[in-house]
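# Structural overview
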Amino acid sequence: MCTALSYRTRDHYFGRNLDLDTSYGEKVCIMPRNFPFPLRTREALETHYAMIGMATVAEGLPLFYEAANECGLGMAGLNFPGNAWYGPEQPGADNIAPYELIPWILGQCSSVKEARPLLERLCIIDRPFSPSLPLASLHWMLSDGEESIVLEATKAGLQVYENPVRVLTNNPPFDYQMFHLNNYRHLNAQTGDNSFSSALDLQVYCQGLGAVGLPGDVSSMSRFVRAAFVSQNSVCADDEDASVSQFFHLLRSVEMVRGACRTESGQCDITVYTCCINATQGRYYYTTYDTPRISCVDLRKESLDGRELRTFDLTRGPQILYQN
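First things first, this report covers the structure right here in the doc. Residue positions within a chain follow its written sequence, with the count starting from 1. Local features in this predicted model are restricted to residues whose pLDDT is 70 or higher, and side-chain atom pairs enter the listing and the counts only when it is 80 or higher, whereas totals over whole chains, interfaces and linings include all residues. The basis for every side-chain value is the complete set of heavy atoms in the structure, and neither hydrogens nor water enter the calculation.

### A few points about the pattern of salt bridges
Salt bridge, as applied in this entry: a Lys or Arg side-chain nitrogen positioned within 4 Å of an Asp or Glu carboxyl oxygen. Taken as a whole, this structure holds 14 salt bridges when the rule is applied. For Arg283, the salt bridge goes to Asp298, with nearest N and O atoms at 3.9 Å. Separated by 15 residues along the polypeptide, Arg283 in strand E14 (residues 283–288) and Asp298 in strand E15 (residues 291–298) bring together distant segments of the chain. Given the relative accessible area of 25%, Arg283 is considered partly exposed. Judged by relative accessible area, Asp298 falls into the buried class, the value being 17%. Look at the salt bridges and you will find they share partners, linking Arg33, Glu70 and Asp305 into a network. Secondary structure elements follow DSSP: runs of H or I no shorter than four residues count as helices, runs of E no shorter than two count as strands, and numbering proceeds from the N terminus. Type-normalised accessible area, obtained with a 1.4 Å probe on protein chains alone, sets the label of each residue: buried when under 20%, exposed when over 50%, and partly exposed for intermediate values.

Structure below.
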């Protein structure tokens, strides 16, 4: 249960809500240009673009949930259960395991345009990181400041969709989610004229009546519609503070509140963290469920030519400012 978003003011902003019932020890990670990232079926990425994102570090490697590279290209993996399908290795293809996909693409592509030829040769293979970390059923959003696409590996093969709304949630597949927006074409940020009946004098009794019918539940399809509506109608200044603030407001419109969604085992899905990456400048902003105050890690304050992974523990716990 997650929502990813790409947004453009003066800079390109990319981020997501991670909605789960538990945490996996994730940290903000900076992978510099010369950190060697091994690949299962091909030579390691010895040199690559630097990137910053959220990851679980296992056996010294960052398993990125999402990241953006120094060129402004962002990528996020979101849960896609029942639809994701990874096959065996294919001769002549670029065979990449799911956990390798984000560093493999962000490590060598500066834009969506540069990534497209790689996707023509890509085969996402059924190779888990380890027995204790099985395959995650995912699909991915890849965005820069100009365009956005969605990658889905299903039994029908690798599907690449244009993403004009620059939003991704979970199931169903992306083309179904985009078609579902047709059911909401009547929504408007402004209150329209009475079209119900000319014989009835229906009153405008409050603001916001143009968006009556916008879904408010936390299902993936409803979150997709709501995130698309608020982001497509968003009004924001171009400066950094306004852009970051607006981005967090957009994702808060689809956040998971503890107790509102329970898993089959009875656990509560929550928005474990929300992130906003200024992909143009390399700044990673985030909040956690119990810490709504925004923290920031800056890619460009680190040595981009290093060989060592740099990690930052998340700020956790309430931070309440009381009056003196």
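### Topic: the packing of aromatic side chains
In summary, the pairing rule links any two rings of Phe, Tyr or Trp, Trp by its six-membered ring, whose centres are within 6.5 Å, and it sorts them by plane angle into stacked for under 30 degrees, edge-to-face for over 60 and tilted for everything else. Counting across every chain of the model gives five aromatic pairs. Each ring, one from Tyr65 and one from Tyr273, has its centre 6.4 Å from the other, and the planes form 20 degrees; the classification is stacked. A residue pair is termed long-range when its members are at least 10 positions apart, and Tyr65 in strand E5 (residues 61–69) and Tyr273 in strand E13 (residues 270–278) qualify at 208 residues. Neither residue differs from the other here; Tyr65 and Tyr273 are each classed as buried. Measuring from centroid to centroid gives 6.4 Å for Tyr284 and Tyr286, while their planes differ by 45 degrees, and the two rings are tilted. Neither residue differs from the other here; Tyr284 and Tyr286 are each classed as buried.

### Remarks on the side chain of Asp269
Of note, Asp269 is situated in the loop between helix H5 (240–252) and E13. Summary of buried charges: Asp269 has no salt-bridge partner, and the nearest side chain of opposite charge, Arg223, is 7.5 Å away. Two residues form a contact once any of their heavy atoms are found within 4.5 Å. Setting aside anything within four residues of it in sequence, one finds Asp269 in contact with Met1, Leu20, Asp21, Met256, Val257, Arg258, Cys261 and Thr263. Charge assignment in this entry is limited to Lys and Arg as positive and Asp and Glu as negative, and neither His nor the chain termini are counted.

### Structural notes on the environment of Val57
By secondary structure assignment, the location of Val57 is in strand E4 (residues 51–58). Residues Val57 and Cys29 lie 28 residues apart in sequence; the distance between their C-alpha atoms is 8.5 Å. If sequence neighbours within four positions are ignored, Val57 has contacts with Cys29, Pro62, Leu309 and Thr311.

### Topic: the sheet that holds E5
Two modes of strand pairing occur in sheets, parallel and antiparallel, and in both the strands are linked by backbone hydrogen bonds. Strands pair, by our definition, only if DSSP identifies at least two bridges between them. Across the sheet, which stays open at both edges, the eight strands sit in the order E11-E10-E9-E6-E5-E4-E3-E16 with antiparallel pairing between neighbours. The open sheet has two edge strands, strand E11 (157–162) and strand E16 (310–312), and neither has a second partner. Put simply, the sheet's adjacent strands are angled 30 degrees from each other on average, direction ignored. As defined by bridge partners, strand E10 (residues 148–154) adjoins E11 across six bridges and the pair is classed as antiparallel. Its bridge partner being in E11, Leu151 is matched across the sheet by Val160. This element, helix H2 (residues 112–120), spans strand E9 (138–143), E10 and E11 of the sheet and lies at about 20 degrees to E10. Axis geometry follows a simple rule: fit a line to the C-alpha atoms, using only the stretch in contact for helices, then measure angles between N-to-C directions, giving values from 0 to 180 degrees.

### Quick notes on unusual backbone geometry
Cis geometry is adopted by the peptide bond preceding Pro172, which originates at Asn171 and carries an omega value of -5 degrees. Structurally, the position occupied by Pro172 is in the loop between strand E12 (167–168) and helix H3 (174–180). Residues other than glycine seldom take positive phi values, yet Arg166 does so here, at roughly 60 degrees. By secondary structure assignment, the location of Arg166 is in the loop between E11 and E12.

### What about the pairing of E5?
Here E5 lies mainly inside the structure; nine of its nine residues are buried. Inspection of the sheet shows E4 paired to E5 by eight bridges, in the antiparallel sense. The residue of E5 that forms the bridge with Met54 is Glu66. Pairing between E5 and strand E6 (residues 74–79): three bridges, direction antiparallel. The residue bridging Glu66 from the neighbouring strand is Ala76, located in E6. Counted between consecutive antiparallel strands, the loop separating E5 from E6 contains four residues, among which Gly72 sits at a positive phi close to 100 degrees.

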